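Each chain is listed here by its residues.
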Amino acid sequence: MRGCVRSSRALSPALLPRLVFDARRWGVLPGLRGLWGSPRSLASAGEPSPTPLPAQARVVICGGGIVGTSVAYHLAKLGWKDVVLLEQGRLGAGTTRLCAGIVSTVKHIAIESKMANYSNTLYQQLEEETGVKTGYVKTGSLCLAQNQDRFISLKRLASRLKLLGIQCDVITPKQVLALHPLVNIHDLVGAVHLPGDAVVSPPDLNHALAVAAAQHGVQIHERTGVNHVLVQKGHVTGVETDRGPIECDYFVNCAGQWAYELGQASEEMVSVPLHACEHFYLLTKPLSQPLQPHTPVVMDLDGRIYVRAWQGGVLSGGFEKNPKPIFTEGRNQLEIQGMQEDWDHFEPMLSALLRRMPSLDSCEIHQLVNCPESFTPDMRCLMGETPSVHGYFVLVGMNSSGLSFAGGAGKYLAEWMTYGYPSDNVWPLDIKRFGNLQSSRTFLRHRVMEVMPLLYELKVPRWDFQTGRQLRTSPLYDRLDTQGARWMEKHGFERAKYFVPSGKDLLALDQSKTFYKPDWFDIVGAEVKCCKEAVCVIDMSSFTKFELSSTGDQALELLQRLCANDLDVPVGHIVHTGMLNERGGYENDCSVVRLNKNSFFIISPTDQQVHCWAWIKKHMPSDPQLHLEDVTWKYTALNLIGPRAMDVLSELSYVSMTPDHFPSLFCKEMSVGYANGIRVMSMTHTGEPGFMLYIPIEYALHVYNEVMSVGQKYGVRNSGYYALRSLRIEKFFAFWGQDLDTFTTPLECGREFRVKFDKDTNFLGREALLRQRQEGATRRFIMLVLEDHDAELDLWPWWGEPIYRNSQLVGATTSSAYSYTLERHVCLGFVSPGPATVITPDFINRGDYEVDIAGQRYPAKAKLYPFSSLFAQQRRRKDEMELSSFQGK
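The present account deals with the structure reproduced in this document. (Residues numbered from 1 in each chain as written. Predicted model: local features only at pLDDT ≥ 70, side-chain atom pairs only at ≥ 80, totals over all residues. Heavy atoms only, no water.)

1. Details of the overall build of the protein chain
Counted only if it meets this: Counting from the N terminus, the helices are DSSP H or I runs at least four residues long and the strands are E runs at least two residues long. Three exposure classes are used, based on accessible area relative to the maximum for each residue type with a 1.4 Å probe and protein chains only: buried under 20%, partly exposed in between, and exposed over 50%. Whether two residues touch is decided by their heavy atoms; if any such pair falls within 4.5 Å, the residues are in contact. The Shrake-Rupley method, run with a 1.4 Å probe sphere, supplies the accessible areas, and residue values consider only the shown protein chains as cover.
Along its length, the protein chain carries 23 helices and 40 strands. Looking at the protein chain as a whole, 61% of its 889 residues are labelled buried. At a minimum sequence separation of 6, the contacts of the protein chain that also span at least 24 residues come to 72%. Summed over all atoms, the accessible surface of the protein chain reaches about 34,800 Å², with 49% contributed by carbon and sulfur.

This is the structure in structure tokens:
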């Protein structure tokens, strides 16, 4: 193969049959080469006159690739009429035509694996439904591990896929060789085999979806570009195309790599954060012993390559460490033209291919393909209704998995548009997880250069992006940084993980990556101990903060409608509450402070800033006397945790902070040091004693300095979010986005006491909760404390581990942490044995539980309330016995 690399550049177009566009028919460059040949058109040959556009439609979909046709297909299947699909070139003539044709469930998160699994099932039956051949072949796939850490990650994947009902077998190197004769196994430690994975012909599959959509009444118009989307009063009203306008109620942006620019072209700009990179793969001619079509796909993640059978030879691409972003300056072509080969750039992946399959050294190269793929800032696709324009939906940014995701993603988006929500929790993919701050082209260009290599990078728990950092910082950032803060990022905001004491090897600590006990274990343990015994300060300025006010009772009436708990409380009181949807699920989990009769301060999780704002605005009446303001940037938030927090604040304010004078869940504006107007709240989000201080940013540094100065005598120290996580998990506190989601109700997570059932108030979700209370919950949030688990030697639980009850798979963990108080691991998660089983306390207490960590099951005690008091009593008895024994010697 090496001898063919240079000479292949000089190959004439005549030597590339079936890979050259028919320039006479399609009107594109004669040198353009692709993988699957010409795009398929629904129109007959001979370039007939285009069908006139309709004057109006219910929904217009922009983009005729695999994603757009999937959305059209699923909307039609759900009964939508007047659906119009517009494609600026030919159907499937963009990235779809050039993609590698692999359908795999090996994905980063569960919802992605679910989408891929549905896609696989859909594609398998589509040929029978439409009569169009799709090239579907169930090949299976092999994910290889060259080291133990990779093998651990694959075993964790296998456990997670088992939860979804996807077969994934952990196998030995010898079994790999038996499944794929070309694979060199000398450096492998293991692998996983997914027998259900498949390959397809992307253009044929795209054509089949389009045919099926058209059979259900979808109008498809090629050679029709969308110039911009028309918006009036925050709602989609139509689109302006290069062939005239179309009035519509809904618009779906499936424009792939051009989605960013299309969003910017709307009358009201829509942020679609993605950026394209070049993606390379190699095609060979048939091998001397042609590779059979059913040969498994190989994903050599440590080698950064994938390999599949292709016309008797192989197709092999990968995700290099130094990707090449493109089109930063904007749109410069319609249908994707043949981009330049770059053999020097592809050399590392070619070398990895020859190491993995040495027998390919003598094969003949057919072509090196260079095609664009779009990537997002967090490696997850963008889905859902945009926060700024109602009726404007997005489904783009597939991160080189468009074929795997298209079927499932199209289904979820069609459900979202039909029912107002999809049939599963898609928050990890919701476009509202991003805001305008991620729309900078410079940020996107730099971030995707990191994202593309990460697709095959070994990702241990708690890894962080390195690009696009220090975008949003607290006024205390520099001060905390000089004191040893190690940082992580959330919604663009820098947050301290923990603080490294002086004398520690900072570089070694930052580079520590493991599935076992981490190097920061003792550091976080010391911070937790300080929170328990003295006082710690955590900068929590990243929390989302809104102020809702009105001239009359409008603000209270809106919150009573949106919130499950009762907000008609005395001024100064704090209410923990959920904002629920009509199904009773959590759209937001927040703390609300009544500042005065008609003014409220709303505190939500960091990544809820866009989503929560959109949810409230969606339900706000158009009333000039009702005002919502995002004040996140106006306040620095300091969390003072520990029994000595009241002493620090008392000394700084000359006010008694004891529970008798400052009761729990109470807020008062106070002076702290020289600063006035500090909102002091008696809560810590951990279950530990202490106070939250919301400080106008101009006073932040002064108040922090005063707290640290006065706090010296009380043992004050800085702390980070890792300590906070340990504290809240051992107290059985659920967090939105980790434990709670839009399908979780208060009755399923032990929060029925936060629902105003006794009030005659018709809040969102009330009917669903009353029904669930009557019928009983079939899903329950529980706490599991691991037993016979050695934190020093055993793999740690992190999240997503399967939960077994009496040897039956019943659920998964959602978050976990080591409890320094209990001296063992604590996992939080949901159990759901089946839709017909109502879960009672007796059901939980009578079961024998196990948690599966990478295939190894560990026994666990399950409870519906915190273990803290129980284990504290056991530890005291143990200490007393050891002391008595010692004194008797």
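2. Observations concerning the packing of helix H3 (residues 66–77) against helix H5 (residues 110–130)
How we decide: Interaxial angle, 0 to 180 degrees, is taken between N-to-C directions of lines fitted to C-alpha atoms, where a helix line uses only the stretch in contact. Orientation is classified from the angle alone, with under 35 degrees giving roughly parallel, over 145 giving roughly antiparallel, 65 to 115 giving roughly perpendicular, and any other angle giving oblique. We call Asp, Glu, Lys and Arg charged. Ala, Val, Leu, Ile, Met, Phe, Trp, Tyr, Cys and Pro are nonpolar, and the rest, Gly among them, are polar.
Where H3 contacts H5, the two axes come as close as 14 Å, and the packing angle between them is 75°. Relative to H5, the element H3 is oriented roughly perpendicular. Touching Ile66, Tyr73, His74 and Lys77 of H3 are Tyr118, Leu122, Tyr123, Leu126 and Glu129, all from H5. Partitioned by chemical class, the residues of the contact of H3 with H5 number 6 nonpolar, 1 polar and 2 charged.

3. With respect to the environment of phenylalanine 493
You can see phenylalanine 493 is positioned in strand S23 (residues 493–499). Sequence separation between phenylalanine 493 and threonine 473 is 20 residues, and the spatial gap between their C-alpha atoms is 5.8 Å. Other than its neighbours up to four places away in sequence, phenylalanine 493 contacts Arg472, Thr473, Ser474, Met488, Ser541 and Ser542.

4. Thoughts on the nonpolar core
Operational definition: As used here, the term nonpolar core means buried Ala, Val, Leu, Ile, Met, Phe, Trp, Tyr and Cys residues forming a set that is joined through side-chain atoms within 4.5 Å.
Ile61, Val252, Met383, Leu395 and Leu413 are the most contacted members of the largest nonpolar core, which has 52 residues in total. Those elements giving two or more residues to this core turn out to be strand S1 (59–62), H3, strand S2 (83–86), H5, helix H8 (202–215), strand S21 (392–396) and helix H11 (402–419). For this core, the element with the highest residue contribution is H11, accounting for 9 residues.

5. Details of the sheet that holds strand S10 (residues 226–232)
Threshold: Any two strands with at least two DSSP-identified bridges between them are counted as paired.
The strand order across the open sheet formed by 3 strands is S10-S11-S12, and the pairing between neighbours is antiparallel. The open sheet is flanked by S10 and strand S12 (244–247), the only strands paired with a single partner. Averaged over neighbouring strand pairs, the angle between their axes works out to 25° when direction is ignored. One ladder, built from 4 bridges, connects strand S11 (residues 235–241) with S12; its direction is antiparallel. What sits directly across from valine 239, in S12, is isoleucine 246.

6. Things to note about the sheet that holds strand S13 (residues 250–253)
In spatial order, the strands read S9-S2-S1-S13-S21-S20; together these 6 strands make up an open sheet with mixed pairing. Every interior strand has two partners, whereas the edge strands, strand S9 (219–221) and strand S20 (382–385), have only one. Averaged over all pairs of adjacent strands, the angle between their axes in this sheet comes to 15°, without regard to strand direction. The strands touched by H3 within the sheet are S1, S2, S13 and S21, with S1 carrying the most contacts at an inclination of about 155°.

7. Regarding the side chain of threonine 821
For clarity, the cut-off: By the criterion applied in these results, polar contacts are pairs of N or O atoms within 3.5 Å in which, for protein atoms, one can donate a hydrogen and the other can accept it, and in which residues neighboring in sequence qualify only through two side-chain atoms.
Structurally, threonine 821 can be placed in the loop between strand S37 (808–819) and strand S38 (824–831). Among the residues examined, threonine 821 registers a relative accessible area of 17% and is labelled buried. Here lysine 532 takes part through its side chain, which lies 3.3 Å from a polar atom of the side chain of threonine 821.

8. Here's the deal with a nonpolar patch on the surface
Which entries qualify depends on this criterion: Each patch groups residues whose relative accessible area exceeds 30% and which form no salt bridge, using 9 Å between like charges and 5 Å between nonpolar side chains of Val, Leu, Ile, Met, Phe, Trp and Tyr. For salt bridges, the criterion is a side-chain nitrogen of Lys or Arg within 4 Å of an Asp or Glu carboxyl oxygen.
A cluster of nonpolar side chains, namely Leu78, Tyr419 and Tyr421, defines an oily patch on the protein surface of about 290 Å² accessible area. Mapped onto the elements of the fold, tyrosine 419 is located in helix H11.

9. Topic: the packing of H3 against H8
Working note: a packed helix pair is described by the angle between its axes plus the distance between those axes. What counts, and what does not: Note on convention: the crossing is left-handed when the near helix lies turned anticlockwise from the far helix by less than a right angle, right-handed when the turn is clockwise.
Running from amino to carboxyl end, H3 crosses H8 at an angle of 30°, the nearest separation of the two axes being 8 Å. On the basis of the axis angle, H3 is roughly parallel to H8. Crossing handedness for the pair H3 and H8: left-handed. Across the interface between the two elements, Ile66, Thr69, Ser70, Ala72, Tyr73 and Ala76 from H3 touch Leu205, Asn206, Leu209, Ala210, Ala212 and Ala213 from H8.

10. Observations concerning H3
What counts, and what does not: For a helix, the expected span equals 1.5 Å multiplied by the number of residues minus one.
With 12 residues, H3 should reach 16 Å at 1.5 Å per residue; the first-to-last C-alpha distance of 16 Å fits that figure. Among the 12 residues of H3, 11 are classified as buried, and the element is accordingly described as predominantly covered. Among the residues making up H3, those that are buried are Ile66, Val67, Gly68, Thr69, Ser70, Val71, Ala72, Tyr73, His74, Leu75 and Ala76. Count one or two residues on from H3 and you reach glycine 79, which has phi positive near 95°.

11. Re the environment of tyrosine 118
Relative to the elements of secondary structure, tyrosine 118 occurs in helix H5. Under the relative-accessibility criterion, tyrosine 118 is labelled partly exposed at 28%. Along the backbone, tyrosine 118 and glycine 407 are 289 residues apart, and their C-alpha atoms lie at a distance of 6.6 Å. In this structure tyrosine 118 touches His74, Gly407, Gly408 and Lys411, once residues within four positions along its chain are discounted.

12. A closer look at the pairing of strand S36 (residues 802–805)
Neither face of S36 is open: one carries Pro802 and Tyr804, the other Ile803 and Arg805, and all of them are buried. Connecting the antiparallel pair S36 and S37 is a turn made up of 2 residues, with asparagine 806 showing a positive phi of about 50°.

13. Overview of the pattern of salt bridges
Summed over the entire model, instances satisfying the criterion amount to 38 salt bridges. Here lysine 497 and aspartate 464 are joined by a salt bridge, their closest N and O atoms 3.2 Å apart. Taken together, the residues lysine 497 in strand S23 and aspartate 464 in the loop between helix H12 (441–454) and helix H13 (477–482) connect sequence positions 33 residues apart. Across this residue pair, the class does not change: lysine 497 and aspartate 464 are buried. We note a salt bridge from arginine 679 to glutamate 669, for which the minimum N-O separation is 3.6 Å. With arginine 679 in strand S32 (residues 675–681) and glutamate 669 in strand S31 (residues 667–672), this pair connects stretches of sequence that are 10 residues apart. Judged by its relative accessible area of 7%, arginine 679 is buried.

14. A look at unusual backbone geometry
One non-glycine residue with positive phi stands out, namely arginine 304, at about 65°. Mapped onto the secondary structure, arginine 304 falls in the loop between strand S15 (297–300) and strand S16 (305–310). Taking the relative accessible area as the measure of exposure, arginine 304 reaches 9% and is therefore buried. A positive phi angle, close to 55°, is found at alanine 854, a residue other than glycine.

15. Quick notes on the state of the cysteines
Heads up, the rule is: The term disulfide is used for any two cysteine sulfur atoms that are within 2.5 Å.
Evaluation of the coordinates by the stated rule reveals 0 disulfides. Free cysteine: cysteine 530, not disulfide-bonded; nearest cysteine sulfur from cysteine 536 at 3.4 Å.

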